[in-house]
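Residue-level listing of the chains:
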Amino acid sequence: MIFHHHNVVLPNGGQTAPEKPLITSIRRFRVALAVFGGDQIVGKKVLDLGCLEGGYSYEFAKAGALVHGIEVRQTSFKRCCHLRERFQQNSDVGSLDYTSASVTDLASLRLERHDHVFCSGILYHLANPAAFLRDLGGLTNSLYLHTHVAANNGEPQPTGRWQMLLGELQTHEGYTGRWYREYPDSDQQCRREQFALSSWENRHSFWPLESELERMIESAGFDLVLRERTQESSPDRPARLAYYCRRL
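My aim in this report is to walk through the structure given alongside it, one point at a time. Along each chain, residues carry numbers from 1 onward, in the same order as the chain's sequence is written. Residues qualify for local features only when their pLDDT is at least 70, as the model is predicted, and side-chain atom pairs are given and counted only at 80 or more; totals for whole chains, interfaces and linings, by contrast, use all residues. Side-chain figures throughout are based on the complete set of non-hydrogen atoms in the structure, without hydrogens or water.

**Quick word on the packing of aromatic side chains**
1) Next: Pairing of aromatic rings covers Phe, Tyr and the six-membered ring of Trp, with a centre-to-centre limit of 6.5 Å; geometry is then stacked below 30 degrees between planes, edge-to-face above 60, and tilted otherwise. Taken as a whole and assessed by the stated rule, the structure comprises eleven aromatic pairs.
2) Next: Between Phe 29 and Tyr 56, the aromatic rings sit 6.4 Å apart at their centres with planes inclined by 50 degrees, giving tilted as the arrangement. A residue pair is termed long-range when its members are at least 10 positions apart, and Phe 29 in helix α1 (residues 27-35) and Tyr 56 in helix α2 (residues 55-62) qualify at 27 residues. Of the two residues, Phe 29 and Tyr 56, neither departs from the other in class, the shared state being buried.
3) Next: Centre to centre, the rings of Tyr 124 and Trp 207 are 5.7 Å apart; their planes meet at 75 degrees, and the pair counts as edge-to-face. Here the residue Tyr 124 occupies a position in the loop between β4 (116-120) and α5 (129-137), and Trp 207 occupies one in strand β8 (residues 204-208), the gap between them amounting to 83 residues.
4) Next: Note on Trp 207: relative accessible area 1%, which makes it buried.
5) Next: Through successive ring pairs, a cluster of aromatic residues spans Phe 29, Phe 36, Tyr 56, Phe 60, Phe 118, Tyr 144 and Tyr 244.
6) Next: Lysine and arginine charges are scored as sitting over a ring when NZ or CZ, respectively, is within 6 Å of the ring centre and within 35 degrees of the ring normal. The lysine or arginine in question, Arg 247, covers the ring of Phe 222, its NZ or CZ lying 5.8 Å from the ring centre. We count a stretch as a helix when DSSP gives it H or I for four or more residues in a row; a strand needs E for two or more, and each element gets its number in order from the N terminus. When accessible area is computed with a 1.4 Å probe and restricted to protein chains, residues below 20% of their type maximum are described as buried, those above 50% as exposed, and intermediate ones as partly exposed.

**Concerning α2**
1) Next: Among the eight residues in α2, seven count as buried, and that is most of the element.
2) Next: Within α2 the residues assigned to the buried category are Gly 55, Tyr 56, Ser 57, Tyr 58, Glu 59, Phe 60 and Ala 61.
3) Next: On its buried face, α2 is in contact with α1, β1 (45-49), β2 (66-71), α3 (74-90), β3 (95-100) and β4.
4) Next: Phi turns positive one or two residues past the end of α2, at Gly 64, with a value near 110 degrees. By the convention used here, residues are in contact when the closest approach between their heavy atoms is within 4.5 Å.

**Here we look at the sheet that holds β3**
1) Next: One bridge is not enough; two strands pair if DSSP finds at least two bridges between them. Strand order in the open sheet formed by seven strands is β3-β2-β1-β4-β5-β10-β9, with mixed pairing between adjacent strands. With partners counted over all chains shown, the strands left at the sheet margins are β3 and β9 (223-231), one partner each. Going from strand to strand, the sheet's axes swing by 15 degrees on average, the running direction of each strand aside.
2) Next: As judged from the three bridges shared by β1 and β4, these two strands associate in the parallel manner. Paired with Leu 47 across the strands is Val 117, a residue of β4.
3) Next: Across the face of the sheet, α3 comes into contact with β2 and β3 while running at roughly 160 degrees to β3.
4) Next: Every axis in this analysis is a line fitted to C-alpha atoms, fitted for helices over the stretch in contact. Angles between the N-to-C directions lie between 0 and 180 degrees. Along the sheet, α5 contacts β1, β4 and β5 (142-148); its crossing angle with β5, the most-contacted strand, is approximately 160 degrees.

Listed below in structure tokens is the structure:
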């Protein structure tokens, strides 16, 4: 099976996407594993939201966690299932399972509480990020969040494609940020299965300013433990940050 985004080592020694860096070498995985307890993650429940091809879930499970990944696109979900089969055949510790569903309505999934939630590359694809973070407060006391943030008017602004996709500063859910256009208005829902790195249901997503995102996190009941700027704003790409949050 061909993987396009997540590279992990399979039990037979092969790699799923050799042209990509191994998940275990990516800083966000290493930091998340560390703040989730490192060796102490064994037996802990980890929820991976919008897990794409399942590579991060797979590596958390290999570390001994009891992992549940959520992925809506069937093309990506099939790759998740491929990893689950390989894992179940070759591991005596940890567990790995996936559900095919959208994360936009977590309440409908009736998920149990998890020791840790890994949320990477999903918040900036949502229309209502503040409501989503509040829902996460009901699922965990430990959250690793990796996401883009919008630039303020006084900060360096991305140009080119990003300038066209990010709107002017506006207020939404009581927070200041910019709307990001996920799809052209003429695009059809049936085509969205093809766009693995875009939103699923909403045509526009809301990106809060950095300070506003931190206010969202605190309003959801979390305390900021760690903040790391993983990518500065540039003409080619907007800023991206990582947060480790706990409900104390």
